[in-house]
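# Results of the structural survey
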Amino acid sequence: MNSDVDFYNSLELSLKYAEGLLADAVNNSKSIFHSPTLCISDSPRTVVLREFNKEKRFLRFHTDLRSKKINSINENLVAYVHGYDPEIKVQLRIKGKVKLHKKDEKTLKAWEGSREMSKLCYSVKGAPGQIITDPNEYDLIKSEIDVERGYENFGVIIFEYDEIEFLFLKNIGHRRSKFSWKDHKVVMEWLIP
Ligand SMILES: Cc1cc2nc3c(=O)[nH]c(=O)nc-3n(C[C@H](O)[C@H](O)[C@H](O)COP(=O)(O)O)c2cc1C
């Protein structure tokens, strides 16, 4: 069967398309994959995609070191990144491991590359998720804050993946494929949708 998309019956082109979506999403805030869901330890949350490295197979996210997810991060944990774009009818489910960086070269580079508005979030005077009585007390007023102090709370999450599951919905026949990497070699498989 044919479709109007070139990847419909091609595993190679499906992978290329998936990688293209991630590459585009880094600087395209309108892309669904710019703010995918990161699942660590059963708890999902939206995060902003800051970098995609196809060759080294990682995604970069920024986070507050005081948030709950930080306690869940360890080397053995299986994590997922997920997104579905209803316009192109594509779901990506990416499986991998997460590594946390704090106060190292990676965090410094990422911090220096962040905009003032992004830096500001890390200056909230308490941990994300903490129970409070008055939310007004935690609002951020830029003129009263030295944004650079937020670096104390700034963390970088590197999500290294070894599997991408690609699902494309089409009324004449969905297409689902899996790409897994072993020893730097990719195995491409069709799955029943
Ligand atoms: C559009 C959007 C973008 C977000 N971006 C991030 C992000 O880049 N990093 C992050 O840690 N949290 C981000 N959040 C907040 C998280 O979804 C989550 O609420 C927060 O990280 C606390 O999660 P935790 O308590 O499970 O650790 C974003 C939320 C939304 C709605």
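Attention here is on the structure that accompanies the text. (Residues numbered from 1 in each chain as written. Predicted model: local features only at pLDDT ≥ 70, side-chain atom pairs only at ≥ 80, totals over all residues. Heavy atoms only, no water.)

## Considering the packing of aromatic side chains
Using the criterion set out here, one finds 11 aromatic pairs in the structure. Judged by centre distance (5.7 Å) and plane angle (75 degrees), the rings of Tyr 161 and Trp 181 are edge-to-face. With a gap of 20 residues between them, Tyr 161 in strand 7 (residues 154-168) and Trp 181 in strand 8 (residues 175-182) connect regions that are remote in the sequence. Owing to a relative accessible area of 2%, Tyr 161 belongs among the buried residues under this scheme. With relative accessibility at 14%, the residue Trp 181 sits in the buried group. (Phe/Tyr/Trp six-rings, centres within 6.5 Å; stacked < 30°, edge-to-face > 60°. Helix = DSSP H or I, 4+ residues; strand = E, 2+ residues; numbered from the N terminus. Buried < 20%, exposed > 50% of the residue type's maximum accessible area, 1.4 Å probe, protein only.)

## Things to note about the site of the ligand
Every residue near the ligand is listed here: Arg 45, Thr 46, Val 47, Val 48, His 62, Thr 63, Ser 67, Lys 68 and Lys 69. One of the backbone nitrogen or oxygen atoms of Lys 68 is found 3.3 Å away from an oxygen atom of the ligand. At 2.7 Å from an oxygen atom of the ligand is found a side-chain nitrogen or oxygen belonging to Lys 69. For the shell around the ligand, the secondary structure elements donating two or more residues are strand 2 (43-46) and strand 4 (58-64). Class assignment of the residues belonging to the shell around the ligand gives a composition of 2 nonpolar, 4 polar and 3 charged. (Near = heavy atom within 4 Å. Polar contact = N/O pair within 3.5 Å; in protein donor to acceptor, adjacent residues only side chain to side chain. Nonpolar A, V, L, I, M, F, W, Y, C, P; charged D, E, K, R; others polar.)

## Observations regarding the nonpolar core
Ranked by internal contacts, the top residues of the largest apolar core, which has 34 residues, are Leu 59, Phe 61, Leu 92, Ile 94 and Phe 159. Contributing elements (two or more residues each) for this core: helix 1 (11-25), strand 1 (37-40), strand 4, strand 5 (79-85), strand 6 (90-102), strand 7 and strand 8. Residue contacts for Ile 94: discarding those within four places in its chain leaves Leu 22, Leu 59, Ala 79, Tyr 80, Val 81, Phe 159, Tyr 161, Glu 163 and Ile 164. By size, the runner-up hydrophobic cluster in this structure holds 8 residues, among which are Phe 58, Ala 110, Trp 111 and Tyr 151. (Core = buried A, V, L, I, M, F, W, Y, C linked by side-chain atoms within 4.5 Å. Contact = heavy atoms within 4.5 Å.)

## Remarks on the side chain of Asp 64
As for its position among the elements, Asp 64 is in strand 4. You can call Asp 64 buried: its relative accessible area is 9%. Within the local environment of Asp 64, its side chain forms a polar contact with the side chain of Arg 66, the two groups lying 2.8 Å apart. The contacts of Asp 64, once residues within four sequence positions are left out, are Ile 70, Cys 121, Tyr 122, Pro 128 and Asn 153.

## Side note on helix 1
Given a rise of 1.5 Å per residue, 15 residues ought to cover 21 Å, and the 21 Å separating the end C-alpha atoms of helix 1 matches this to within 8%. Along helix 1, the residues classified as buried are Leu 11, Ser 14, Leu 15, Ala 18, Glu 19, Leu 21, Leu 22 and Ala 25. For helix 1, the buried positions fall inside an angular range of 150 degrees around the axis, keeping them on one side. Every exposed residue of helix 1 that faces more than 90 degrees away from the buried side is listed here: Glu 12 and Lys 16. (Expected span 1.5 Å × (residues − 1). Arc of directions from axis to C-beta.)

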